[in-house]
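# Commentary on secondary and tertiary structure
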Amino acid sequence: RPRTDNRDPCKVGKELRGTLQGAALPYFDGSSASAYARYRAMFIEIVHREPADIWSKAILLTKSLSEQVHARIDVPLAYTEPGYARMIEELEEAYGGEDRLLNDSLMEIRSLSSVKEGNIKDLEQFVSSIRKYVNQAGAERAQERSLYLDIVFLIPYRYKNDYKDWCAQQDRIECTRTLLE
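All chains use their own residue numbering, which begins from 1 and follows the written sequence. A pLDDT threshold of at least 70 governs which residues receive local features in this predicted model, and a stricter bar of 80 or more applies before side-chain atom pairs are shown or counted, although totals over entire chains, interfaces and linings include all residues. Water and hydrogen atoms play no part in the side-chain values, which are based on all heavy atoms of the structure.

## Some details on helix α5 (residues 81–95)
What counts as a helix is a DSSP run of H or I of at least four residues, what counts as a strand is a run of E of at least two, and both are numbered from the N terminus. Expected helix span is given by 1.5 Å per residue-to-residue step, counting one fewer step than there are residues. Compared with the 21 Å implied by 1.5 Å per residue over 15 residues, the 21 Å span of α5 between its first and last C-alpha is a close match. Accessibility here uses a 1.4 Å probe with only protein chains present; expressed as a share of the type maximum, an area under 20% marks a residue as buried, one over 50% as exposed, and anything in between as partly exposed. Looking only at α5, the buried set comprises G83, Y84, M87, L91, A94 and Y95. Projected down its long axis, α5 carries its buried residues within an arc of 100°, all on one side. The exposed set on the far side of α5, more than 90 degrees from its buried face, consists of E81, P82, E89 and E93. In this analysis, two residues are considered to be in contact whenever any of their non-hydrogen atoms come within 4.5 Å of each other. The inward-facing, buried residues of α5 contact α2 (33–48), α3 (54–63), α4 (67–73) and α6 (98–110). Throughout this description, a polar contact denotes any pair of N or O atoms lying within 3.5 Å of each other; where both atoms belong to protein, one of them has to be capable of donating a hydrogen while the other can accept it, and for residues adjacent in sequence the pair is counted only when both atoms sit in side chains. If you check the start of α5, you find a side-chain oxygen 3.2 Å away from the backbone N of G83, and it comes from T80. A positive backbone phi angle near 100° is found at G97, which sits one or two residues after α5. Each direction from the helix axis to a C-beta atom contributes to the arc, which is the arc of those directions.

This is the structure in structure tokens:
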């Protein structure tokens, strides 16, 4: 939902166009669903919700997308309310959606290599990837046994034994949620 205030939309648009250049303007190159999710969140926060004129928002939207993305969504440039809305709709259809984000995070887990014992970087990446999936999938879907078996396979033998002992001592079920604890 757009922010509302008493500023002139044309002045706000001019300010945005002047300040959001280079690294300040989010950029999306079409690389992945998770990259789109990050881009989308940033664009909504710093451009879309501002009470700027549509012309400025449309210019910033087109500047923030790579040529590859423009080619894929194949929407004629139109600096009007319907044109801006259509570009947003096409972006969402091509790159957005819960299923794409969920699939992207699941593929990230499946591409992980085994965690090396004592390697903090491997362990942090492992936990980060699993948490990302769990947050997107929701509690029920993240607790599926097949996911748990996929991820426990990546843990060093000693860590698995420690985890199983901890579960037994705490009277906890071996599952994705308790593994993250």
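Still more to cover.
## Observations regarding the environment of F43
Examined against the element boundaries, F43 turns out to sit in helix α2. Residue F43 is classed as buried on the basis of its relative accessible area of 3%. On a C-alpha basis, the gap between F43 and Y27 in space is 8.7 Å, while along the polypeptide they are 16 residues apart. If we skip the residues at most four places from it in the chain, F43 touches P26, H48, K57, L60, L61, S64 and Y84.

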